[in-house]
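# Coordinate analysis (summary)
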Amino acid sequence: MTDAFTPRDWSAHPPYVFPGYKSTRLRGPTKPLIPLKATLSEVTGPVYGHEAVGALDSDLTRNGRRNGEPLGERIIVTGRVLDEAGRPLRNTLIEVWQANAAGRYVHVTDRHDAPLDPNFLGGGRCVTDDAGVYRFTTVRPGAYPWRNHANAWRPCHIHFSLFGNGLASRLVTQMYFPGDPLLAYDPIFLSAPEGARDRLISRFSLDDTQEAYALGYDFEIVLRGPGQTPMER
Ligand SMILES: [Fe+2]
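Rules of the game
Each chain carries its own residue numbering, running from 1 in the direction its sequence is written. Confidence filtering applies because this is a predicted model: local features only for residues at pLDDT of at least 70, side-chain atom pairs given and counted only at 80 or more, and all residues used for totals across whole chains, interfaces and linings. Processing note: side-chain calculations cover all non-hydrogen atoms of the structure and skip hydrogens and water entirely. Donor atoms: N, O and S within 2.8 Å of the metal, or within 3.2 Å for Na, K and Ca. Because water is excluded, sites can look incomplete. By definition, any uninterrupted DSSP run of H or I lasting at least four residues is a helix, any uninterrupted run of E lasting at least two residues is a strand, and each is numbered from the N terminus. When accessible area is computed with a 1.4 Å probe and restricted to protein chains, residues below 20% of their type maximum are described as buried, those above 50% as exposed, and intermediate ones as partly exposed. Here, any two strands with at least 2 DSSP bridges between them count as paired. By nonpolar core is meant a set of buried Ala, Val, Leu, Ile, Met, Phe, Trp, Tyr and Cys residues that side-chain atoms within 4.5 Å join together. For this analysis, residues touch if any pair of their heavy atoms sits within 4.5 Å. Distance and chemistry together define a polar contact, namely a pair of N or O atoms within 3.5 Å, with one atom able to donate a hydrogen and the other to accept it when in protein, and with adjacent residues in sequence counting only for side-chain atoms on both sides.

Let's shift gears to the coordination of the iron ion. Around the iron ion, the donor atoms from the protein are Tyr105 (OH), Tyr144 (OH), His157 (NE2) and His159 (NE2), and they sit 1.9 to 2.2 Å away. For the iron ion, all donor residues lie on one chain, and their spacing in sequence is Y-x38-Y-x12-H-x1-H. Separated by 15 residues along the polypeptide, Tyr144 in strand 5 (residues 144–145) and His159 in strand 7 (residues 157–163) bring together distant segments of the chain. An identical accessibility class is assigned to Tyr144 and His159; each is buried.

What follows is the structure, given as structure tokens:
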């Protein structure tokens, strides 16, 4: 399966080493990669059981509740997953993770001096439908500081992971919000080539906005071809 794919156009993706994004200097490979042929189990192996994905899994405002609603501005994030010909991809497992509205992750290494939300875990997943559409309900994540450089703050973002039909077909990227002033200073966003960066920014959508409940954002993910979404290497 992987061998049959249209080759990825690497000019739309960040380089392995982007000096402004400090940790890539340490972890990015500096020698050419050695292609390994995928084994049958990697190509065909199931990555999850369909039954395991429940309805609440895609609603981050509910899947971590303990004694109430999570704090923050409710949003709906939705879009299609498309291949290089614009065909929708059904049955794609999408996992997301994000900081809470205050910019804090539920993670042992997150020491940001911002409150945890007892009703928000920050993780969710869903599977695209027959039209390639996914949909999450969540709260808008807050910006948070990181130690990459002086006064470094990540723009508001949601991490996305996409699984194809096999274990070896995983893609990881981040979705941003329109008009975020921190985008101009973020080395992770800026590591994506200039012409492809805007594909990482979601679009405010009144059509997806739910009256008196949540603002809608549309984020289309294109896996191959000229409009492909930049992915993390
Ligand atoms: Fe993050």
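Counted residue by residue, strand 4 (residues 133–139) has five buried out of seven residues, so it is predominantly covered. Sheet topology places strand 1 (residues 74–82) next to strand 4; seven bridges connect them, and they run antiparallel. Note that in strand 4 the partner of Ile76 across the bridge is Thr137.

Let us look at the environment of Glu73. Position of Glu73 relative to the elements: it lies in the loop between helix 2 (40–44) and strand 1. The sequence separation of Glu73 and Ile158 amounts to 85 residues, and the corresponding C-alpha distance is 14 Å.

Among the nonpolar cores identified, the biggest contains 23 residues, and Ile94, Tyr134, Ile158, Phe160 and Ile221 are the most heavily contacted of them. When residues of this core are traced back to their parent elements, those giving at least two are strand 1, strand 2 (93–97), strand 4, strand 7 and strand 8 (170–176). If near-sequence neighbours (up to four positions away) are discounted, Ile158 is found in contact with Ile75, Val77, Val96, Trp97, Gln98, Thr138, Pro141, Thr173, Gln174, Met175 and Phe177. One finds Ala152, Leu183, Ile188 and Ala192 within the second-largest nonpolar core, a separate group that totals nine residues.

With that settled, consider the side chain of Gln98. With respect to the secondary-structure elements, Gln98 resides in the loop between strand 2 and strand 3 (123–127). Its relative accessible area of 3% is what places Gln98 among the buried residues. Separated by 2.7 Å, the side chains of Gln98 and Thr138 make a polar contact. There is a polar contact of 2.9 Å between the side chain of Gln98 and the backbone oxygen of Val139. For Gln98, the contacting residues outside a window of four places in its chain are Leu60, Tyr105, Phe120, Gly122, Thr138, Val139, Arg140, Pro141, His157 and Ile158.

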